Amino acid sequence: MAEYATFGLAPATRAGGVLPDGGYQAHRDFLDFIVDGRALLARLADVDAVSPLAADLGPSIFTAHVRRLLLDADPPLADGRYVLYGCPECEGLACGAVTAVIERDGPDIVWRDFAWQTDESPDLARDGYPGIGPFRFRADAYRATLERLLADGAHRTAARRVLLVGGRAAVLARLAAALRSIGVGAEITRDAAGAAAEELRTYGAVAFDPAVGEDERAAVRAAFAAAGSDAVLVEPLAPIVPLLVARIEQALQRTPDDRRPLTALTATTADARVEVSAACRVRLTGYRLDRLHRVRAYDLLDARLEPGPHTVPLDGRLGKRAKAGAYLVARTFGDVRVARVGG
């Protein structure tokens, strides 16, 4: 008999954002499957997908997904196959999904025959995941983990809201619209110091317009501290909307650092250093404002990286004025990081 694997769940995030081409990527919070202490999604390189246990689902749909994983409901696909990860934008099978057979074997639960599936029957020889599974779980521990979701509503998460503080209406309005397009609530204020503590505690992050002075920022920080808020305070960056969205997404990141694909991003004017915890495709984009305050974006890297640190040369690739204030945004499936060049 195969050895038993441990089964657990942990919060995870598919980071949303405004892409360099102007498109949008939806943000999704979900619960990932933790097998033998490691996130299952991290073993599936270059898969942009979320589990069925997503935070933004209605209670009835979420419960139905849990019941399926408990084998208390019929499988949604032929041959006893269940969706473990699906498209974060539409969840349709045509976009592709990671599926597996989930079955009872005596007193145990077994997950086996993992595959990338786009139609009714996957070709395991072509689309299977060799080396992933089978996993044998003790049924009592497996069921207890999933049933807790039904008992305490553990899938519900706090509203994803950001408070934007500043007086430049045009910049903040564009930023708020971009955040809302990826599922992040955003409100604009000039002064948060007098707001009720209950209201301040509903925000996950606070972002400042660069025009807001240090005294005003200090007053806002004091108000949030007095309210007992754990909101992340995002210090001012250049007024570049895709950059600001990425920094706010990083601030709202719920996945523990030891389970994030991107573990580090630093940059000098000579090179960028990117570190990843698992093989994944990474896009690295540079941003700066030119002398006329126009946004300049630079595609610096789009490649699959193996686990570990990587160096990307930057000499001359961000223009002659990179030292005047350039930033890098690294994105991979489920994660985003921002770094200032030379910072």
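Owing to the predicted nature of the structure, the values given are computational and were not obtained by experimental measurement.

Brief notes about the sheet that holds strand β9 (residues 135-138)
- Read across the sheet, 4 strands follow the order β6-β7-β8-β9 without closing on themselves; strand pairing throughout is antiparallel. Every interior strand has two partners, whereas the edge strands, β6 (81-85) and β9, have only one. If you compare each strand with its neighbour and ignore which way they point, the axes differ by 35° on average.

With respect to the side chain of R217
- Along the polypeptide, R217 turns up in helix α6 (residues 214-226).
- The exposure class of R217 is buried, given its relative accessible area of 13%.
- Reaching out from R217, the side chain makes a polar contact with the backbone oxygen of V212 at a distance of 2.5 Å.
- Excluding anything up to four places from it in sequence, R217 contacts F208, V212, E235 and P236.

Remarks on the environment of A78
- Within the fold, A78 resides in the loop between α1 (59-69) and β6.
- Given the relative accessible area of 32%, A78 is considered partly exposed.
- Residues A78 and S121, 43 residues apart in the sequence, show an inter-C-alpha distance of 7.1 Å.

Points about the pattern of salt bridges
- With the rule as written, the count across this model stands at 22 salt bridges.
- E214 is paired through a salt bridge with R217; the nearest N and O atoms lie 2.7 Å apart. Of the two residues, E214 and R217 are both situated in helix α6; the distance of 3 residues between them amounts to about one turn of the helix.
- A residue is classified by how much of its surface remains accessible, and E214, at 40% relative accessible area, is partly exposed.
- Across the pair R221 and E235 runs a salt bridge whose closest N-O atoms are separated by 3.2 Å.

Things to note about the packing of aromatic side chains
- According to the stated counting rule, one finds 11 aromatic pairs in the structure shown.
- The structure contains a cluster of three or more aromatic residues connected by ring pairs, namely F7, F33, Y85, W111, F114, F135, F137 and Y142.
- In this arrangement the basic side chain of R138 is found over the ring face of Y4, its NZ or CZ atom lying 3.9 Å from the centre.
- The ring of Y203 has R161 sitting right over it, with the charged end atom 4.4 Å from the ring centre.

Describing α1
- Along α1, the residues that are buried comprise F62, H65, V66 and L69. Axial view of α1: buried residues confined to an arc of 100°, hence all on one face.
- L71 sits one or two residues past α1 and shows a positive phi near 65°.

So, the sheet that holds strand β18 (residues 308-313)
- The 3 strands are arranged β14-β15-β18 in an open sheet whose pairing can be described as antiparallel. Looking along the sheet, the strands with just one partner apiece sit at the ends: β14 (262-267) and β18. The sheet shows a mean angle of 15° between the axes of neighbouring strands, taken without regard to direction.
- Relative to strand β15 (residues 271-276), β14 runs antiparallel, the two being bridged by 5 bridges. What sits directly across from L265, in β15, is V274.

Cut-offs used in this document
Residues numbered from 1 in each chain as written. Predicted model: local features only at pLDDT ≥ 70, side-chain atom pairs only at ≥ 80, totals over all residues. Heavy atoms only, no water. Pairing = 2+ DSSP bridges. Helix = DSSP H or I, 4+ residues; strand = E, 2+ residues; numbered from the N terminus. Axes fitted to C-alpha atoms, helices over the stretch in contact; angles between N-to-C directions. Buried < 20%, exposed > 50% of the residue type's maximum accessible area, 1.4 Å probe, protein only. Polar contact = N/O pair within 3.5 Å; in protein donor to acceptor, adjacent residues only side chain to side chain. Contact = heavy atoms within 4.5 Å. Salt bridge = Lys/Arg side-chain N within 4 Å of Asp/Glu carboxyl O. Phe/Tyr/Trp six-rings, centres within 6.5 Å; stacked < 30°, edge-to-face > 60°. Lys NZ or Arg CZ within 6 Å of the ring centre and 35° of its normal. Arc of directions from axis to C-beta.

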